[in-house]
Amino acid sequence: MEAQSYISLAKTKKNQKQNQTGQTLGYILVWACGFAAIATVFWIIGYVLSQGFQVINYEFLFTRPAGGVSGEGGISTTIVSTVYLVVLTLVIVTPLGVGAAIYLVEYAGDATKESKLVAFLVQAARTGVEVLAGVPSIVFGLFGFSLFVLYLKFGFSLLSASLSGAALVLPTIIRTSEEALLTVPRAYREGSLSLGATRWHTIYSVVLPTALPGIVTGIVLSVGRIIAETAIFWVTLGGSFYLPQSIMHSGRSLALHVYMLASETRAFDKAMGTAAILIMTIVILNLGINLLSRRLTARVSGK
Amino acid sequence: MIKRQNKVKNLPRVVNWLTKGLALLLGLASLAGFLSAVYLMINPGLITVASDSLFALNSIHYAIAMLLMAVLVGLIARGLWGYRNWARMALLTGLVLFILYYFISIIFMILSTIFAGLTVVPISSILRVVGMGLLFFLMNAGVPILLVYLLLKIEQYFEETARQREFVEKTVRYVLLGMAMSAIIIVILIFVFTMTEAWDSIQTIGLDTMLLGTIWRPGSIIGTENAQFGLIPMVVGTILSTLGAIMIGVPLSIGTAILLAEVAPPAVREVFRPAVELLAGIPSVVYGLFGMVVLAPLIRNIDVPRNTGFGLLNASIILAVMIIPTVTSIAEDAIRAVPREYKEGSLALGGTHWQTITRAILPAARSGILAAIILGIGRALGETMAMIMVIGNSIALPKPLTGNPLTLFLNTARTLTGNIAVEINYAAGAHRSALFFTGVLLFLMILFVNSIARFLIHSSERRQ
């Protein structure tokens, strides 16, 4: 039916002209949508950067917030706290996530054939990753608040915050590492195994180095998510503007600082400055990811 | 056995001295640890216990820990004496941990002198602090670093037995299985902890009161006995802001997806796609700040009484921008996944490109696009910080400001996520429990929405 209507439509010239106008209108519509989306990106980023750069100077970057309702002072301690938070979270989550991915890609296939229990566990693990990826961040916050802050008595601290943050980025790390491991050609593994290497030896000396760029991409993605995350750290990190002296101390990340400046003080200019730093970090991370993945695809297709 | 004797014969004398020396040292350390553990058991008063510390430990705990350490160190010493590779690895791990500990404490020290002050620290004192830190580090970790270097150097003289290799294989397999279970364990922990905290409110306040009540008046504001915990205003606020975001964001996203997948030349796509993906990375507080500083004054220009600029409209616009990257990229993938034959068939029949898009490609990509929209809804439901910054956070059920029902969107409201984030830091008792119940409700809503999306994606994959 559809085909016939097309043919009859195409027969008359008038209809052809109508189709052409429809096509032009449609194109205009989608181009408008695309440009609206891009304009939004540039509007937000441009506005925040242009406003933010007015307050960013040497002193802003190297002194701590002074506290109080006027929002005086710089952001030095929040930068350092963010770095601590990112490093600590990655230290917790990277071995866990990469290890999980290694099991799911390298071992799960054989293991599920051998025993029913393992097959069930692997299925549960995969479901867990899918469910965890959809959990809203405030629920991670509640979880971290009740488990780490209250139950385990870590208090509002870098440790509580990074454990909760680790739960947030775990599915990201597992998925990207899994994808990276899957791109390693079978022949690599077979070659190494046939030389007499054990399985684990093959994995860490052949498979992991080959999959490294992909794994690093996942880690960089997670860094971006931790830097951008606020809700979790709002309920687990506390928000002290002093520099944390150990991982049991409270701190304040950059994103949290933006929120606290905007909601508790009138210092919108300083909030914009902090937001500009955040956006620049995110842009640099995104560029890094793009470069990494481009190199990765070039290498894979080059083979 | 024969193999090992062979190796030992070829040993350079330095390596032998080093290994035996280390083994002897470790043996002595083990002996000392053992003796002090025994001494501690006889004199429990040696360690004063801080009862309010994280883990309230007494001297018996310390003695047992010391005993275990002594046994471990003794085992390593014995293994090292016999040139066992596992002993070498264990020693290496211990040394690296020791070095890392000092490295981290030095970093903390240096950064806290440079960045913690209210005034800028001059370069000269930064250099002094860094130099001192380096010296301190070398003093404490210099010998361990040297040992690590030497242990790495003499690897060839250590033997890895087949039994050890087998043991490693097996252990690694189980450890990795444990790691793979981490995600599901966290999911279970989330369920257990939020549910146990929320259980109190289900018992004392009641499920029906919370799910059907239209008034939210936590006790900390008006006294505990009159407190009411109805979640309907927040549910309505969440649904309305999400609905607004869908109405604004989805047409824009699908238009962009069509543009990127079908219409735009590759060069444009190279620029547009990363730019749209950048939106996903921008922190939500930055969107919130933008809404407060830029959008709120713009919305305030709409001439309606009691219009503050903060409210559902502001929240919907911000949310719409936030869901654009999610919806666009998944919808684009869905459009690209449509088999080439559909497009070619339609074009061959004389349809224009636009007719092909609207009548052949979009219907075929329908379920994928629907999944994209639903995942966008999931993202919008879970958004927290941007919402509490722009939506006004009023606890009343949102109503139109004037006779015109559209002014509903100019009124302030509160989302489920915002309800938790605004009040959790000072809530206690039934109030806190009710907030955890809010979290459970939100979690279930998002789980439901996401499972619909997953079902759609799977079913469309199966059909192809």
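Quick caveat: nothing in here was measured; it's all calculated off a predicted structure.

Q: Let's hear about the confidence of the model for chain B: which residues, and what values?
A: Of all residues in chain B, 92% attain a pLDDT of 70 or more, and the chain-wide mean is 85. Confidence over residues 1-6 of chain B falls short of pLDDT 50; this stretch has three contacts with residues more than four positions distant or in other chains.

Q: Outline the nonpolar core, supporting the account with residue identities and numerical values.
A: A:Tyr103, A:Leu132, B:Ile190 and B:Tyr287 are the most contacted members of the largest nonpolar core, which totals 225 residues. In terms of residues, this core owes the most to one element, helix α4 (residues 76-114) of chain A, which gives 16 residues. Aside from chain neighbours lying at most four places away, what touches B:Tyr287 is A:Ile44, B:Leu279, B:Ile282, B:Ile318, B:Val321, B:Met322 and B:Ala386.

Q: Provide a residue-level description of empty space enclosed by the protein, including the pertinent values.
A: Residues and elements named next belong to chain B. As enumerated under the stated definition, the model contains two cavities of 30 Å³ or more in all. For the second largest cavity, the calculated volume is near 40 Å³. Along its surface, the second largest cavity is lined by Leu-260, Arg-273, Val-276, Glu-277, Pro-325, Thr-328, Ser-329 and Glu-332. Among the secondary structure elements, those contributing two or more residues to the lining of the second largest cavity are α11 (266-281) and α13 (312-336). The leading source of residues in the lining of the second largest cavity is α13, at four residues.

Q: Give me the lowdown on the layout of surface pockets, citing residues and values where you can.
A: Of the pockets and cavities examined, the second largest pocket occupies roughly 930 Å³. Along the walls of the second largest pocket sit 24 residues, with B:Trp86, B:Met89, B:Glu160, B:Gln164 and B:Val168 positioned nearest its centre. Mapped onto the lining of the second largest pocket, the elements with two or more residues apiece are α9 (199-228) of chain A together with α4 (85-115) and α6 (162-180) of chain B. Ranked by residues supplied to the lining of the second largest pocket, first place goes to α6(B) with seven residues. Of the residues contributing to the lining of the second largest pocket, the split by class is nine nonpolar, seven polar and eight charged.

Q: Report on the pattern of salt bridges, specifying residues and quantitative values.
A: Considering all chains together, one arrives at 13 salt bridges over all chains under this definition. With a shortest N-O distance of 2.8 Å, A:Arg189 and A:Glu106 are connected by a salt bridge. With A:Arg189 in helix α8 (residues 186-194) and A:Glu106 in helix α4, the pair connects residues that are 83 residues apart, well separated along the chain. For A:Glu106, a relative accessible area of 10% puts it in the buried group. B:Arg273 is paired through a salt bridge with B:Glu277; the nearest N and O atoms lie 3.3 Å apart. Of this pair, B:Arg273 and B:Glu277 both sit in helix α11, separated by four residues, roughly a single helical turn. The class of B:Glu277 is partly exposed, set by a relative accessible area of 34%.

Q: If you had to explain the side chain of A:Thr202 to someone new, which residues and values would you point to?
A: Residue and element names in this part refer to chain A. Turning to its location among the elements, Thr-202 is positioned in helix α9. A residue is classified by how much of its surface remains accessible, and Thr-202, at 4% relative accessible area, is buried. A polar atom in the side chain of Thr-202 sits 3.0 Å from the side chain of Ser-192. Within polar-contact distance, the side chain of Thr-202 engages the backbone oxygen of Thr-198 at 2.7 Å. Contact partners of Thr-202, with chain neighbours within four places excluded, come to Arg-189, Ser-192, Leu-193, Ala-197 and Val-207.

Q: Can you explain a nonpolar patch on the surface? Please cite residues and give values.
A: Residues and elements named next belong to chain B. A cluster of nonpolar residues, Leu-28, Leu-31, Phe-34, Leu-35, Val-38, Met-41, Ile-42, Ile-60, Ile-64 and Leu-68, forms a patch on the protein surface that exposes about 960 Å² of accessible area. Mapped onto the nonpolar patch, the elements with two or more residues apiece are α2 (13-42) and α3 (59-81). Take the nonpolar patch: its biggest share by element is seven residues, from α2. Along the chain, Leu-28 falls in helix α2. Judged by its relative accessible area of 57%, Leu-28 is exposed.

About the thresholds
Residues numbered from 1 in each chain as written. Chains lettered and ligands numbered in written order. Predicted model: local features only at pLDDT ≥ 70, side-chain atom pairs only at ≥ 80, totals over all residues. Heavy atoms only, no water. pLDDT = per-residue confidence, 0-100. Contact = heavy atoms within 4.5 Å. Core = buried A, V, L, I, M, F, W, Y, C linked by side-chain atoms within 4.5 Å. Buried < 20%, exposed > 50% of the residue type's maximum accessible area, 1.4 Å probe, protein only. Helix = DSSP H or I, 4+ residues; strand = E, 2+ residues; numbered from the N terminus. 1 Å grid on protein atoms, 1.4 Å probe; cavity = no way out; pocket = protein on both sides within 12 Å on 5 of 7 lines; lining within 4 Å. Points joined across faces, edges and corners; volume = space filled by probe spheres on them. Nonpolar A, V, L, I, M, F, W, Y, C, P; charged D, E, K, R; others polar. Salt bridge = Lys/Arg side-chain N within 4 Å of Asp/Glu carboxyl O. Polar contact = N/O pair within 3.5 Å; in protein donor to acceptor, adjacent residues only side chain to side chain. Patch = residues over 30% accessible without salt bridge, like charges linked within 9 Å, V, L, I, M, F, W, Y side chains within 5 Å. Areas by Shrake-Rupley, 256 points an atom, 1.4 Å probe, with all protein chains shown as cover.

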